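# Observations on chain architecture
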Amino acid sequence: MKKVALVLFLSVCFAQQSCSSDSIGTEPEENPQDILFFKDDFNFFDEKVWTKETHEPGWTNQELQAYDAAHVSVGKDGNKSVLILTAERKGNKIYSGRVNSKGKKSFKYRKIEASIKLPQTNGGLWPAFWLMGDNDKEWPACGEIDIMEMGEQSGMAAGDSEKQVNTAIHYGPSVAAHEQQYYKANVANSLQDGNYHTYSLDWDENSLTVSVDNVKFHTFDISSNTYFHDNFYILFNLAVGGAFTGITDINKLTGLKDGEKVKMYIDWVKIL
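The shown structure was predicted, so the numbers you read here are calculated from the model rather than taken from an experiment.

## Examining the overall build of the chain
Across its full length, the chain carries two helices and 20 strands. Across the 272 residues in the chain, those meeting the buried criterion constitute 58%. For the chain, the proportion of contacts with a sequence separation of at least 24, taken over those separated by at least 6, is 73%. A total of about 11100 Å² of accessible surface is found on the chain, and carbon and sulfur atoms cover 45% of it.

## Here we look at the packing of aromatic side chains
Going through the model one piece at a time under the given rule, you end up with eleven aromatic pairs. A centroid spacing of 6.0 Å and a plane angle of 50 degrees characterise the contact between Trp50 and Phe236, whose relative ring orientation is tilted. Linking Trp50 in the loop between strand 3 (38–40) and strand 4 (51–52) with Phe236 in strand 19 (residues 232–240), this pair joins segments that are 186 residues apart in sequence. Its relative accessible area of 0% is what places Phe236 among the buried residues.

## Details of the nonpolar core
Counting residues in hydrophobic clusters, the biggest one holds 55 residues, and the most contacted among them are Ile112, Ile116, Phe129 and Phe236. Of all hydrophobic cores here, the second largest spans seven residues; its members include Trp130, Trp139, Tyr233 and Leu235.

## Re unusual backbone geometry
Cis geometry marks the peptide bond from Trp139 to Pro140, where omega comes out at 5 degrees. By secondary structure assignment, the location of Pro140 is in the loop between strand 12 (125–133) and strand 13 (144–149). The phi torsion at Asp213 lies on the positive side, around 50 degrees, for a residue other than glycine. With respect to the helices, strands and loops of the structure, Asp213 is situated in the loop between strand 17 (207–212) and strand 18 (215–221).

## Topic: the pairing of strand 20 (residues 261–271)
Counting buried residues in strand 20 gives nine out of eleven residues, a clear majority hidden from the surface. As paired elements, strand 7 (residues 80–90) and strand 20 share six bridges and run antiparallel to each other. Bridge pairing in strand 20 links Leu83 to Ile266. The sheet contact formed by strand 11 (residues 111–117) and strand 20 spans six bridges and is antiparallel. Counterpart to Ile112 in the pairing with strand 20 is Ile271.

## With respect to the side chain of Gln192
Note that Gln192 resides in the loop between strand 15 (179–186) and strand 16 (197–203). A polar atom in the side chain of Gln192 sits 2.9 Å from the backbone nitrogen of Thr121. Among the polar contacts listed, one links the side chain of Gln192 to the backbone oxygen of Ser161, at a separation of 3.1 Å. Excluding residues within four positions of it along the chain, Gln192 makes contact with Leu118, Pro119, Gln120, Thr121, Met150, Ser161 and Glu162.

## Some words on the side chain of Glu88
Locating Glu88 in the fold gives a position in strand 7. Buried within the structure, Glu88 lacks any salt-bridge partner; Lys261 is the closest side chain of opposite charge, at an N-O distance of 4.1 Å. A polar side-chain atom of Glu88 sits 2.7 Å from a polar atom in the side chain of His71.

## Quick notes on the confidence of the model for the chain
Taken over all residues, the pLDDT of the chain has a mean of 90, while the share at 70 or more is 88%. Counted against residues more than four places away or in other chains, residues 1–18, with its pLDDT under 50, gives 74 contacts. Between residues 20–32, whose pLDDT stays under 50, and residues either more than four places distant or in other chains, the model counts 37 contacts.

Here is what the cut-offs are and how they apply
- Residues numbered from 1 in each chain as written.
- Predicted model: local features only at pLDDT ≥ 70, side-chain atom pairs only at ≥ 80, totals over all residues.
- Heavy atoms only, no water.
- Helix = DSSP H or I, 4+ residues; strand = E, 2+ residues; numbered from the N terminus.
- Buried < 20%, exposed > 50% of the residue type's maximum accessible area, 1.4 Å probe, protein only.
- Contact = heavy atoms within 4.5 Å.
- Areas by Shrake-Rupley, 256 points an atom, 1.4 Å probe, with all protein chains shown as cover.
- Phe/Tyr/Trp six-rings, centres within 6.5 Å; stacked < 30°, edge-to-face > 60°.
- Core = buried A, V, L, I, M, F, W, Y, C linked by side-chain atoms within 4.5 Å.
- Pairing = 2+ DSSP bridges.
- Polar contact = N/O pair within 3.5 Å; in protein donor to acceptor, adjacent residues only side chain to side chain.
- Lys, Arg positive; Asp, Glu negative; His and termini not counted.
- Salt bridge = Lys/Arg side-chain N within 4 Å of Asp/Glu carboxyl O.
- pLDDT = per-residue confidence, 0-100.

In structure tokens:
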């Protein structure tokens with residue numbers, strides 16, 4: 001999720017929530033290609049699955065936004081019913097949305113994928129789709145899997161914000177002993193083109209493989225890593241600013257102007 005130089009500081013972002021346990025309770029449904037264990041098409045906001053998070057600005061990663069429930073909604077995008085995370089600026093105050101399935105919906109050794117339409121990240125937006133261990137352990141001992149993040153400062157500097165994808169795993173017995181494996185690269189085409197793109201993770205006892213639009217992006221070897229063999233829960237969020245973006249001063253934020261709203265849309269998420 002972050003460059004090595006930023007690891008300890010940025011990773012505190014996730015240290016501030018611990019992990020609890022539960023497993024998938026949904027009866028499997030038949031799918032022509034796979035066994036579907038869970039899917040949310042976001043026809044409504046299912047509080048049995050999702051929690052809307054609330055946090056103050058600066059809660060983690062020097063991010064500029066406050067998270068509140070008002071900036072998480074289910075609505076229409078064309079003919080789609082979607083989960084919407086809205087980032088909004090009101091003068092020197094910024095609000096946005098973040099949801100998780102902690103203690104409600106979690107899984108292990110399966111494939112998870114989500115169809116997401118991203119806003120333009122250049123200028124300070126930081127959308128993410130990721131997982132945390134649902135296992136009653138504090139971060140990073142619970143484990144963290146960052147499937148997709150965009151908006152990192154090196155992508156902005158290179159003019160590659162629309163194509164640069166970041167993925168990482170975080171683990172370790174304590175914050176002081178935190179470790180990470182990190183990967184970033186450009187995909188062939190823009191992922192911020194106004195269309196939905198599919199981000200997926202194939203997880204088994206030996207590896208974590210991230211794909212973008214069904215094209216393999218990166219694989220992490222976890223065969224000897226003890227931190228990725230518990231149930232994990234799902235998170236979606238749209239951060240604004242923060243050390244990952246290199247923008248921690250609201251006066252330098254260009255991606256969200258006063259009075260403006262930007263949105264991250266999730267059409268569906270499913271676990272196979």
